[in-house]
Every structure is written in structure tokens, then in C-alpha cells.
Amino acid sequence: MSVFTLARLSSTATAEAPLAQAALPTKGLARFAQALPTLFAPETAGIEGTEALPAVWQDEETFAARIADYQAATAALADAARSDNREAFNTALASTKAACQACHNAFRAKPSG
Ligand code: HEC
């Protein structure tokens, strides 16, 4: 869901279309970011077939920091869309993508994107 939303937002960023149409998907992304800690609750550690590295549950502090970065980036993105601020939107889109990557690099078995 995050990938699909992000792809759509990337095309919104380059299009002439008003950012208002991105308001709903960005809000969804920000909400999902708020739910991330629940998705990686302690009882999900070592679940079969997971790509999540053990560090998720072993280095909770850093993982929580990556989640916080991501929540801040997606919240800024939603704000920028709501206020139709294209410059802020593009900045926040870049930091959102960087936040996906930063977390995957340290916490996901296939740090592809
Ligand atoms: C705070 C850490 C964190 C952030 C931020 C994060 N991810 Fe992930 N992501 C993970 C982890 C850990 C996994 C492995 C989950 C698993 O296999 O159980 C994962 C898995 C994925 C997968 C594979 C899903 C699957 O079903 O196999 C995709 C696609 C993905 N992330 C995309 C994104 C995108 C796009 C963003 C940003 C919009 C993002 N992620 C942000 C930690 C993060």
C-alpha cells in the first residue's frame, strides 16, 4: 500500500495538478505510519517468512527512531498537500522516501527500497 501511494504521490509532485488531490493519500500514509509500532509488536518477532531483521526487536531504540523520522516526514507531507505548498511537498516527499530507505537498510533483509 505504501509503495502504491508513494508512486502516485511522486507523479503528483511532477504534474501540474493541484496538490489537494494528494491530501487524502498523504493522510493515509501518515495514519499508517502511526500504526507501524503495532505492526512490529514483540509477539511478532521471528514470525515465519519475515523480512524483518532481528534488530527490529533487539535494537528497539533505533527502530523507534526510524519510525519517528518516518512519522514526521509523512505528517509534513500531509500538511504540505493540505496547504497546497508544492515546495514543502517536494521536500517532504524526498524525506519520506529517505525514511523508507533508512529503515530498510538497517532493519529489512532485502534493503532494496
Ligand atoms: C520503521 C521502519 C520502516 C519504514 C519507515 C518503512 N519500512 Fe518498509 N519494511 C520494514 C520492514 C522491517 C519490512 C519487512 C517486514 C516483514 O517482512 O515482515 C518492510 C517491508 C517492506 C516491503 C515488503 C512488504 C512485503 O509484504 O514483503 C515494502 C514493499 C516496503 N517495506 C515498502 C516501504 C515503503 C514504500 C516505505 C515508505 C513509504 C516503507 N516501507 C517504510 C520497515 C520499514
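Everything that follows concerns the structure shown earlier in this document.
Keep in mind the model is a prediction, meaning the values are calculated, not measured.

### Regarding the overall build of the protein chain
Link 1 in the chain: Across its full length, the protein chain carries five helices and zero strands.
Link 2 in the chain: Helices and strands appear in the protein chain in the N-to-C order α-α-α-α-α.
Link 3 in the chain: Its C-alpha radius of gyration of 15 Å places the protein chain within 12% of the 13 Å reference for a compact globule of 113 residues.
Link 4 in the chain: C-alpha extents for the protein chain along the principal axes are approximately 45 × 20 × 20 Å.
Link 5 in the chain: A buried classification covers 32% of the 113 residues belonging to the protein chain.
Link 6 in the chain: Here the analysis covers contacts within the protein chain between residues at least 6 apart in sequence; of these, 67% occur between residues at least 24 apart.
Link 7 in the chain: Split by element, the accessible area of the protein chain, about 6700 Å² in all, is 58% carbon and sulfur.

### Concerning the site of the ligand
Link 1 in the chain: Residues in close proximity to the ligand total 15 residues, the closest being T50, E51, C100, C103 and H104.
Link 2 in the chain: Residue E51 places a main-chain N or O atom 2.6 Å away from an oxygen atom belonging to the ligand.
Link 3 in the chain: The separation between a nitrogen atom of the ligand and a polar side-chain atom of H104 is 2.8 Å.
Link 4 in the chain: At the level of elements, α1 (2–14), α4 (60–82) and α5 (86–107) are the ones that each hand at least two residues to the shell around the ligand.
Link 5 in the chain: Looking at the shell around the ligand, the element that brings in the most residues is α5, giving five residues.
Link 6 in the chain: The class makeup of the residues in the shell around the ligand is ten nonpolar, three polar and two charged.

### So, the coordination of the iron atom of the ligand
Link 1 in the chain: Exactly one donor from the protein chain reaches the iron atom of the ligand: H104 (NE2), at 2.0 Å.
Link 2 in the chain: Relative to the assigned elements, H104 resides in helix α5.

### Comments concerning the environment of L6
Link 1 in the chain: Within the secondary structure, L6 sits in helix α1.
Link 2 in the chain: Between the C-alpha atom of L6 and that of A102, which follows or precedes it by 96 residues, the distance is 16 Å.
Link 3 in the chain: Dropping the residues within four chain positions of it, L6 is found in contact with L29, L93, T96, K97 and C100.

### Observations concerning the packing of helix α2 (residues 23–39) against α4
Link 1 in the chain: Following both chains from N to C, one finds α2 and α4 inclined at 160 degrees, their axes separated by 8 Å at the closest point. Taken together, the axis directions place α2 and α4 in an arrangement best described as roughly antiparallel. By crossing handedness, the relation of α2 to α4 is classed as left-handed. Across from A23, T26, K27, L29, A30, A33, Q34, L36 and P37 in α2, the residues of α4 making contact are I67, Y70, Q71, T74, A75, L77, A78 and A81.

Conventions used here
The numbers attached to residues start from 1 for each chain and follow its sequence in the written order. Confidence filtering applies because this is a predicted model: local features only for residues at pLDDT of at least 70, side-chain atom pairs given and counted only at 80 or more, and all residues used for totals across whole chains, interfaces and linings. Where side-chain values are given, they derive from all heavy atoms of the structure, hydrogens and water being excluded. Numbering of helices and strands starts at the N terminus; helices are DSSP runs of H or I of at least 4 residues and strands are runs of E of at least 2. Atoms considered for the radius of gyration are the C-alpha atoms alone. The globule rule reads 2.2 Å times the number of residues to the power 0.38. Here's how the labels work: a residue is buried when its accessible area is under 20% of the maximum for its type, exposed when over 50%, partly exposed in between, all with a 1.4 Å probe on protein chains only. Two residues form a contact once any of their heavy atoms are found within 4.5 Å. A 1.4 Å probe and the Shrake-Rupley method give the accessible areas. Residues count as covered only by the protein chains that appear here. Near, as used in this document, describes a residue that has one of its heavy atoms within 4 Å of the molecule or strand being considered. Two N or O atoms form a polar contact when they lie within 3.5 Å of each other; inside protein one atom must be a possible hydrogen donor and the other a possible acceptor, and for residues adjacent in sequence the pair counts only when both atoms belong to side chains. In this classification, Asp, Glu, Lys and Arg are treated as charged, Ala, Val, Leu, Ile, Met, Phe, Trp, Tyr, Cys and Pro as nonpolar, and every other residue, Gly included, as polar. A 2.8 Å cut-off from the metal defines N, O and S donors, relaxed to 3.2 Å for Na, K and Ca; water is not in the atom list, so some sites may appear incomplete. Here, axes are lines fitted to C-alpha atoms. For helices the fit covers the stretch in contact, and angles between N-to-C directions go from 0 to 180 degrees. Angles below 35 degrees are treated as roughly parallel, those above 145 as roughly antiparallel, those between 65 and 115 as roughly perpendicular, and all remaining angles as oblique. For any pair of crossing helices, the crossing counts as left-handed if the nearer helix is rotated counterclockwise from the farther one by less than a right angle, and right-handed if it is rotated clockwise.

By themselves, these observations are geometric and do not establish any function.
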